[in-house]
Amino acid sequence: MCRSIKTLRPPFTDDVTDDDIRAAALQYVRKISGFRAPAAHNAAAFERAVEEITRASADLLASIEVRGARA
């Protein structure tokens, strides 16, 4: 769906920053909303979606267990 979003878990990526997760969330919201930048009257909803998806993505990545990965 969003070709510019990179896989953010081992073995694809070892070092993931909060900025990486937020960038992926932003790309996702841009894709599903159809807006690169929302109009002023939609800015709060757009930003809220980015923040919620960032949190959910961080939770997901923290919870995933990759088999065969070394801790």
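Structure report, in brief. Treat the numbers as computed from the prediction; the structure is a model and nothing was measured.

Quick look at the overall build of the protein chain
So, step 1. Scanning the protein chain for helices and strands turns up two helices and zero strands.
So, step 2. A principal-axis box enclosing the C-alpha atoms of the protein chain has dimensions of 45 × 20 × 15 Å.
So, step 3. Counting all 71 residues of the protein chain, 14% fall into the buried class.
So, step 4. Once the 11 positive and 10 negative side-chain charges of the protein chain are each reduced to a mean point, those two points are 9 Å apart.

Quick look at helix α2 (residues 43-63)
So, step 1. Here α2 is 21 residues long and its end C-alpha atoms lie 30 Å apart, about the 30 Å a rise of 1.5 Å per residue gives.
So, step 2. Within the span of α2, buried status applies to F46, V50 and T54. The buried residues of α2 occupy an angular sector of 75° when the element is viewed end-on, so they sit on one face. Set apart from the buried face of α2 by more than 90 degrees, the exposed residues are A44, D59, L60, A62 and S63.
So, step 3. Contacts made by the buried residues of α2 are with α1 (18-33).

Considering α1
So, step 1. Over its 16 residues, α1 runs 22 Å from end to end, which matches the ideal 22 Å to within 8%, given 1.5 Å per residue.
So, step 2. All of the buried residues in α1 are I21, A24, A25, V29 and R30.
So, step 3. Of the surrounding secondary structure, the elements contacted by the buried residues of α1 are α2.
So, step 4. Once α1 ends, the next one or two residues include G34, with phi positive near 80°.

Rules used throughout
Residues numbered from 1 in each chain as written. Predicted model: local features only at pLDDT ≥ 70, side-chain atom pairs only at ≥ 80, totals over all residues. Heavy atoms only, no water. Helix = DSSP H or I, 4+ residues; strand = E, 2+ residues; numbered from the N terminus. Buried < 20%, exposed > 50% of the residue type's maximum accessible area, 1.4 Å probe, protein only. Lys, Arg positive; Asp, Glu negative; His and termini not counted. Charge placed at Lys NZ, Arg CZ, Asp CG, Glu CD. Expected span 1.5 Å × (residues − 1). Arc of directions from axis to C-beta. Contact = heavy atoms within 4.5 Å.

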